[in-house]
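# Residue-level structural notes
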Amino acid sequence: SVGPRSLDRADTLEALKELETKYPKEPVSMIARFHHVRYLLYTEGLEKLGNADPREREKALKNVAESRKLTLELIADLGKKKEKALLQEAYVNAAIAEKTLIGSPVDTGKADQAASYYDEAAKVFPDTELAKKYTKEANEIRTNAE
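Along its length, the protein carries 7 helices and 0 strands. The N-to-C order of helical and strand elements in the protein reads α-α-α-α-α-α-α. Here the C-alpha atoms of the protein give a radius of gyration of 16 Å, agreeing with the 15 Å that 2.2 N^0.38 yields for 146 residues. With respect to the principal axes defined by its C-alpha atoms, the protein has extents near 50 × 45 × 20 Å. Taking all 146 residues of the protein together, the buried fraction comes to 40%. Sequence separation of at least 24 residues holds for 52% of the intrachain contacts in the protein that already meet a minimum separation of 6. Per element, the accessible surface of the protein, about 8700 Å² overall, is 52% carbon and sulfur.

It is the contact of helix α3 (residues 27-43) with helix α4 (residues 54-78), at a shortest axis distance of 8 Å, that shows an interaxial angle of 155 degrees. The angle between the axes of α3 and α4 places the two elements in the roughly antiparallel class. In terms of crossing hand, the pair formed by α3 and α4 is left-handed. Together, M30, R33, F34, H36, V37, L40 and L41 of α3 and N63, V64, E66, S67, L70, T71, E73, L74, D77 and L78 of α4 make up the contact between the two elements. For the contact of α3 with α4, the residue count by class is 9 nonpolar, 4 polar and 4 charged.

Looking now at the pattern of salt bridges. Scanning the entire structure with this criterion turns up 14 salt bridges. The shortest N-O distance in the salt bridge between E89 and R38 comes to 2.7 Å. Taken together, the residues E89 in helix α5 (residues 84-100) and R38 in helix α3 connect sequence positions 51 residues apart. Among the residues examined, E89 registers a relative accessible area of 23% and is labelled partly exposed.

Moving on: helix α2 (residues 13-22). Looking at α2, one finds that the buried residues are L13, L16, L19 and E20. Buried residues of α2 fall within an arc of 125 degrees about the axis and therefore sit on the same side. For α2, exposure combined with an orientation more than 90 degrees from the buried face picks out E14, T21 and K22.

The next subject is the packing of α5 against helix α7 (residues 129-143). Taken N-terminus to C-terminus, the directions of α5 and α7 make an angle of 25 degrees; their axes are 13 Å apart at the nearest point. Accordingly, the angle class assigned to the pair α5 and α7 is roughly parallel. In the packing of α5 onto α7, the handedness of the crossing is left-handed. Here Q88, V92 and K99 of α5 come into contact with α7, specifically with L130, Y134, E137 and I141. Here the residues of the contact of α5 with α7 sort into 4 nonpolar, 1 polar and 2 charged.

For the rest of this paragraph, the subject is the side chain of H36. Relative to the elements of secondary structure, H36 occurs in helix α3. The buried category is assigned to H36, whose relative accessible area is 6%. Residues within four places of H36 in sequence aside, it is in contact with L13, L16, K17, E20 and L70.

Criteria and thresholds
- Residues numbered from 1 in each chain as written.
- Predicted model: local features only at pLDDT ≥ 70, side-chain atom pairs only at ≥ 80, totals over all residues.
- Heavy atoms only, no water.
- Helix = DSSP H or I, 4+ residues; strand = E, 2+ residues; numbered from the N terminus.
- Rg over C-alpha atoms; globule rule 2.2 N^0.38 Å.
- Buried < 20%, exposed > 50% of the residue type's maximum accessible area, 1.4 Å probe, protein only.
- Contact = heavy atoms within 4.5 Å.
- Areas by Shrake-Rupley, 256 points an atom, 1.4 Å probe, with all protein chains shown as cover.
- Axes fitted to C-alpha atoms, helices over the stretch in contact; angles between N-to-C directions.
- Parallel < 35°, antiparallel > 145°, perpendicular 65-115°, else oblique.
- Left-handed = near helix turned anticlockwise from the far one by under 90°.
- Nonpolar A, V, L, I, M, F, W, Y, C, P; charged D, E, K, R; others polar.
- Salt bridge = Lys/Arg side-chain N within 4 Å of Asp/Glu carboxyl O.
- Arc of directions from axis to C-beta.

In structure tokens, the structure reads:
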């Protein structure tokens, strides 16, 4: 079994990837995969979309697209487990990535797909404030799809 310190020491993308591959059946691998997605989507993706350098913006969009791919893999794996909170986060991350990629020259996202991910996130914990928020977001995306 892998100790909790191994994740604390994973302070680079390479270190996270190492944990993902070295301990595929351990919980630390799933957590490392989530950190990997968060880093690509938020830190190396969304935060850098406003960069003045078009090459940096393209790189940021590629990171968002990669985070979507990795998130969809997580969703498939989480579907076999009972980790509802992680499943909900994965659907939200997929929705954010998909929505960000709508109209992107790098990898085009689809409005109906982004809305569907928000719908799935809402289903994880129905009758909660978050579910209402995600349903509202899905409806807004559908309304403004064009």
